[in-house]
Amino acid sequence: MLKQFILLAIANFLFFLGNSIFLLLNIYVAQIGGSKIYIGIIMGLPNAVLVLMMWIYRNKIDYLNKRKYLILASIISLFVYLGYFIRADLYTLPFLRFIQGIVFSIGFTFGAAYVMNLIPYERRAGLLSIFGLSGVITNACGPFIGEALLK
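This is a predicted model, so every value here is computed, not measured.

The rules behind these values
Residues numbered from 1 in each chain as written. Predicted model: local features only at pLDDT ≥ 70, side-chain atom pairs only at ≥ 80, totals over all residues. Heavy atoms only, no water. Helix = DSSP H or I, 4+ residues; strand = E, 2+ residues; numbered from the N terminus. Expected span 1.5 Å × (residues − 1). Bend = angle between axes of the 7 residues up to and from the residue. Buried < 20%, exposed > 50% of the residue type's maximum accessible area, 1.4 Å probe, protein only. Contact = heavy atoms within 4.5 Å. Phe/Tyr/Trp six-rings, centres within 6.5 Å; stacked < 30°, edge-to-face > 60°.

## Overview of helix H3 (residues 36-56)
- Taking 1.5 Å as the rise per residue, H3 with 21 residues should run 30 Å; its terminal C-alpha atoms sit 30 Å apart, in good agreement.
- Along H3, the largest kink reaches about 40° and is centred on Gly44; proline Pro46 follows within four residues of it.
- Regarding H3, the residues found buried are Tyr38, Ile39, Ile42, Pro46, Val49, Leu50 and Met53.
- Where H3 is buried, its residues meet helix H2 (25-31) and helix H5 (93-118).

## Brief notes about the packing of aromatic side chains
- Inspection of every chain in the model, using the stated rule, returns nine aromatic pairs.
- Taking 6.4 Å as the distance between ring centres and 10° as the angle between the ring planes, the aromatic pair formed by Phe15 and Phe104 counts as stacked. Placement of Phe15 in helix H1 (residues 2-20) and of Phe104 in helix H5 is noted, with a sequence separation of 89 residues between them. For the residue pair Phe15 and Phe104, the accessibility class agrees, reading buried in each case.
- Each ring, one from Phe16 and one from Phe108, has its centre 6.0 Å from the other, and the planes form 75°; the classification is edge-to-face. Of this pair, Phe16 sits in helix H1 while Phe108 sits in helix H5, and the two are 92 residues apart along the sequence.

Function-wise, these values are silent; they only describe arrangement.
Right, dumping it as structure tokens:
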């Protein structure tokens, strides 16, 4: 159980890191000619998709294979992030951000559900806080990495 928990916490860190790197995407979009409205749409699109997707599979998550969906979301996210390096312009960004929102919603929701099934009831408070920290730490690391990538 502990080995699976540690691996899931590392995966959670990497998953949230991939998303938090894009906190400075608005700087890049402004550099390539995006208007303020376009930047707002691009920056908010993944969160809007997250809300929509969570509503869509809200009653289905307990019946789905969480591990399989997490692996699938991780693989797709690699291709999405690669897509940003191959071609990130004003035309492809909405598509990339939409898919990133789907992948993030799966990773966020299914990761939390999977860890709840993994942790014994009597250890949930402490281990859930550690699991949550594995995602929150990325808010400090992500923009730094994103800025390095911008340069």
